Amino acid sequence: MENLGYAGGQVEPGEKGTQAADSRSVASPMNSSITLQTISDDTKTTTSTRDKWGRDIEFMLSCIAYSVGFGNIWKFPYTALKHGGGAFLLPYLIVLFIVGRPIYYLEMILGQFSSRGCVKLYDLAPAMRGIGVAQTIAMFVVMTYYAPVLAITFRYFVASFSSTLPWSECNPSWANCVNSSFVGRLEPTNGTAVGLQSSAELYFLKEVIHKAPSLEDGLGMPDWKLALCLLFAWIVVATILIRGAKSTGKASYFLAIFPYVIIIILLLQTLMLDGAMQGILYFITPQWDKLLSIEVWYEAVTQCFFSLSVCYGGIIAYSSFNNFSNNVHRDAVIISWLDTFTSIVAGCIVFGVIGNLAYVSGQPDIQKLARDGAGLTFMTYPDAIAKFQFLPQLFAALFFLMLFIVGVGSNLGVTTSIITAIRDQRPQLRHWQVVLGTVTVGYFFGLLYLTPGGFDFLDVIDYYGAKYVTLTFAVLELATVAWIYGVDRICRDIRFMLGIETSFYWRVCWGLIAPAATLLILIFSFADFELQKVPMGYNVLGLFIYAIAVLQLPGWYCYAVWRRRSKQTESLRKAAHNALKPMDIWGPESDTVRLQYQTEEEQYQNSQPLERSTMQRIKKRMFNMG
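Residues numbered from 1 in each chain as written. Predicted model: local features only at pLDDT ≥ 70, side-chain atom pairs only at ≥ 80, totals over all residues. Heavy atoms only, no water.

Undergrad: How should I be thinking about the nonpolar core in this particular structure?
TA: Soluble globular proteins tend to pack their nonpolar side chains together in the buried interior. Residues Ile152, Trp167 and Phe204 are the most contacted members of the largest nonpolar core, which totals 196 residues. Ranked by residue count, the leading element in this core is helix H17 (residues 454-498), at 25 residues. Non-local contacts of isoleucine 152, meaning those with residues more than four positions away in its chain, are made with Phe204, Val208, Ile209, Leu226, Phe378, Leu450 and Phe455. (Core = buried A, V, L, I, M, F, W, Y, C linked by side-chain atoms within 4.5 Å. Buried < 20%, exposed > 50% of the residue type's maximum accessible area, 1.4 Å probe, protein only. Helix = DSSP H or I, 4+ residues; strand = E, 2+ residues; numbered from the N terminus. Contact = heavy atoms within 4.5 Å.)

Undergrad: Help me out: how do you make sense of the state of the cysteines in this one?
TA: Two cysteines, two sulfur atoms, one covalent bond between them: this is a disulfide. This model, assessed by the stated rule, comprises 1 disulfide. In this model, cysteine 170 is linked to cysteine 177 through a disulfide, with the two sulfur atoms separated by 1.9 Å. On the S-S bond that ties cysteine 170 to cysteine 177, the torsion sits near -85 degrees, and the link is left-handed. When its relative accessible area of 23% is taken as the criterion, cysteine 170 is described as partly exposed. (Disulfide = S-S within 2.5 Å.)

Undergrad: Just to check I follow, could you spell out a nonpolar patch on the surface for this structure?
TA: Where nonpolar side chains cluster on the molecular surface, the patch consists of Ile264, Leu268, Leu271, Met277, Leu281 and Ile284 and spans about 530 Å² of accessible area. Positionally, leucine 268 belongs in helix H9 (residues 245-271). (Patch = residues over 30% accessible without salt bridge, like charges linked within 9 Å, V, L, I, M, F, W, Y side chains within 5 Å. Areas by Shrake-Rupley, 256 points an atom, 1.4 Å probe, with all protein chains shown as cover. Salt bridge = Lys/Arg side-chain N within 4 Å of Asp/Glu carboxyl O.)

Undergrad: Would you mind going over unusual backbone geometry with me for this structure?
TA: Excluding glycine, a negative phi dihedral is what most residues carry, and trans is how most peptide bonds are arranged. Although it is not a glycine, asparagine 176 sits at a positive phi angle of roughly 55 degrees. The topology assignment puts asparagine 176 in the loop between helix H6 (129-159) and strand E3 (177-178). Under the relative-accessibility criterion, asparagine 176 is labelled partly exposed at 47%. Within the chain, leucine 391 stands out as a residue other than glycine whose phi angle is a positive 45 degrees. Locating leucine 391 in the fold gives a position in the loop between helix H14 (374-385) and helix H15 (392-425).

So far we have only geometry, and geometry alone does not tell us how the molecule works.
Rendered as structure tokens:
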């Protein structure tokens, strides 16, 4: 594929950027056996040149597959419905423009410029390496429960090929059950309609996950059918990852494109259902009074944050496999808007089907039919499909196939981030060894979530180990990159890499808006914090995971200072200050390009006058104004 990234910013022959332009594209997908000497913490090691995507478009498709996932299908529709319907879209789009897209572009820049994963990236400020380690811990937590959800999805996909959908009819042993295939409104007789549950709901709770009433009696044993589905899910992921970026890139053509084929088919079918338009209108009708609620804006930032999967490390890991001059500005804009478009279309599909469910069941209040999270996907949607008069098996199979494919794409990004972090620190390990080790650990941890208490356990681990860890270190990541490393230096890196100037919009978003927004999210999250309603031992475990992640920051800061102090050439104060500066090996992967970059950066620093006031330092830090 023609590299469009550098073409837009070429310099005239004879200018200093020409030589760099020629030398920056030497990396190829086949050069992973070439070695180079790097110095990390004063220790010389030999590392392999990073594997590369086969074509630039494979990176964009892989990012689409990673970012478009379960959050688009089940979290966005319910969040939008709960917080104003169509009115929620306005703050969401504003937040996407000033927070989501800028962070997405920033992480792409950092990964591509340095060819490093989320841990090794902090060669730009070694004292802050704990941020990358903590984000890897959060990613590991996500990896352990993402695949089990994939396993349940695959179980439903297989069940969709039955002659009669197994969740459409009640099992004789289920009390207070009504067939999901029943069309019409139940008329209460002597209270018999009170407490009734659909067969789709009971099938999920009793036949699929065997849900326990609580965690008081422990987790229990995993379901063997789900264990086999989990094994299949990890085999699919391992098969794609085993050859690195090359095989992941090839798989991205299917993982990123095919779900949209299914989405179009499902959307067309949904629009033809009776009552579908009422459901869609209910989904998108604005409730303008909600715009005045701080909670709506908080939810918009949170949804945008998690929907794009920023500040987890996956975007940085994928970008690190890019050719040096790939046009990541174009990719960031396309992916961020496509993610939003997918969320809206998925919402129309889900609520179109719920509208049909309301129509055939005679339930006037659509909101009573909608459930949050997995309930929307594994209870409400199957209940509605069971009422289809024409080939319900086909639409069930298409829906769960789409869900499985987008889940695999997201899981690839999560697992790649972990694998990249490990290989960056231990380059002597073979790629296939790290892949097999990671998926094996992921499989056995995943069995915990397929037990009768697994979904309650998932909520606890996600609450402490993913949500709070990610939000905390998102704030620290943005503060480190924007203020310690500096927005002005990021912009110089972009100019060196792509030959383009960075606009005021990106600068103010990176330096002010995005850090402030993530800090506000964190503050509101802590304000709403409460222990989960589970036995105290599980809360202690969750808090322990969070504490381990938080302690990475001071731990790695002390380590970085100790390494500098071990030279016996710096005072403690000077070592603590210099540990926040980029290491000598910071810069592009290529030796030649890195040497040119360091030379230009040194010349720039020497040419800058000393800032006399705090305001001058802030202006220079953010806007590159002397």
